[in-house]
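For reference, the chains in residue letters:
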Amino acid sequence: MSETLFIKIINREIPADIVYEDDDCLCFRDINPQAPLHVLLIPKKPIQKVMDAAVEDQALLGHLMLKASEIARQEGHGDAFRLVINNGAGAGQTVFHLHIHILGGRPLSWPPG
Ligand code: 5GP
């Protein structure tokens, strides 16, 4: 499998505006933000899509959810933010390394497009 863009960001082969990092995950600003807050939270483990996560990834997925809230709060949007995971090209996924979009800072309508 060829290296994705996000693995290159993890390995610092391409630059990104990193807002959080620990041993298991990395969070950086989206290059094409759709809201005043738009960061991407990714596991360092290269899981292609959320549906590819296995039982052994349960703690990692939980870690990402907890960190997403923490990062939204740190960024000043703790009361109103949206988490989005696109699973598969048909749902708008373009980078095949699991990522959670954290969006906030503007009214977020429902249903999403
Ligand atoms: P997806 O469409 O797969 O759910 O989301 C991929 C996201 O990655 C998009 O929001 C896109 O703007 C972002 N993105 C694509 N290339 C880069 C890049 O080189 N750097 C950063 N920081 N974000 C990127």
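Model, not experiment: these values are computed from the prediction.

Participant: Sorry if this is basic, but what is going on with the site of the ligand here?
Facilitator: Close contacts around the ligand come from 16 residues, with D30, N86, G92, T94 and H101 the closest. At 2.8 Å, a side-chain N or O of H99 approaches an oxygen atom of the ligand. Note that an oxygen atom of the ligand is positioned 2.8 Å from one of the side-chain N or O atoms of H101. When the free accessible area of the ligand is taken as 520 Å², the share hidden by the protein chains comes to 82%. Of the pockets mapped on this structure, the ligand occupies the largest pocket. Of all elements in the fold, only α1 (5-10) and β2 (25-29) reach the threshold of two or more residues within the shell around the ligand. By residue number, the principal contributor to the shell around the ligand is α1, which donates 3 residues. For the shell around the ligand, the per-class residue count stands at 7 nonpolar, 7 polar and 2 charged.

Participant: Even after reading the chapter, I still don't get the environment of K44, so can you show me in this structure?
Facilitator: Looking at the element boundaries, K44 is found in the loop between β3 (37-43) and α2 (58-74). When the C-alpha positions of K44 and I7 are compared, they lie 7.6 Å apart, and in sequence the two are 37 residues distant. A distance of 2.8 Å separates a polar atom in the side chain of K44 from a polar atom in the side chain of E21. A distance of 2.8 Å separates a polar atom in the side chain of K44 from the backbone oxygen of D22.

Participant: Which parts of the structure should I look at to understand α2?
Facilitator: Structurally, the α-helix is built with 3.6 residues per turn, so residues lying three or four positions apart point the same way. Compared with an ideal rise of 1.5 Å per residue, which puts 17 residues at 24 Å, α2 spans 24 Å between its outermost C-alpha atoms and is within 8% of the ideal. Listing the buried residues of α2 in full gives L60, L64, K67, A68, I71 and A72. End-on, the buried residues of α2 take up no more than an arc of 135°, which puts them together on one face. Seen from the open side of α2, the exposed residues pointing more than 90 degrees away from its buried face are Q58, A59, L66 and R73. One or two residues past the end of α2 sits G76, with phi positive at roughly 90°.

Participant: So what exactly am I meant to see when it comes to the pattern of salt bridges here?
Facilitator: Two side chains that carry opposite charge are able to pair once their charged atoms sit near each other. Scanning the model with the defined rule gives 8 salt bridges in all. K45 is the partner of D57 in a salt bridge, and the nearest nitrogen-oxygen pair spans 2.5 Å. Here the residue D57 occupies a position in the loop between β3 and α2, and K45 occupies one in the loop between β3 and α2, the gap between them amounting to 12 residues. For D57, a relative accessible area of 3% corresponds to the buried category. A salt bridge links E70 to K67; its shortest N-O distance comes to 3.0 Å. Here the residue E70 and the residue K67 both occupy positions in helix α2, the gap between them amounting to 3 residues, near one helical turn. Of the residues examined, E70 reaches a relative accessible area of 26% and is grouped as partly exposed. K67 sits in the buried class, given a relative accessible area of 14%. Shared partners join several salt bridges into a network, and the residues in it are R12, E21 and K44.

Basis of the calculations
- Residues numbered from 1 in each chain as written.
- Predicted model: local features only at pLDDT ≥ 70, side-chain atom pairs only at ≥ 80, totals over all residues.
- Heavy atoms only, no water.
- Near = heavy atom within 4 Å.
- Polar contact = N/O pair within 3.5 Å; in protein donor to acceptor, adjacent residues only side chain to side chain.
- Areas by Shrake-Rupley, 256 points an atom, 1.4 Å probe, with all protein chains shown as cover.
- 1 Å grid on protein atoms, 1.4 Å probe; cavity = no way out; pocket = protein on both sides within 12 Å on 5 of 7 lines; lining within 4 Å.
- Sits in = over half its atoms within 2 Å of the grid points.
- Helix = DSSP H or I, 4+ residues; strand = E, 2+ residues; numbered from the N terminus.
- Nonpolar A, V, L, I, M, F, W, Y, C, P; charged D, E, K, R; others polar.
- Expected span 1.5 Å × (residues − 1).
- Buried < 20%, exposed > 50% of the residue type's maximum accessible area, 1.4 Å probe, protein only.
- Arc of directions from axis to C-beta.
- Salt bridge = Lys/Arg side-chain N within 4 Å of Asp/Glu carboxyl O.

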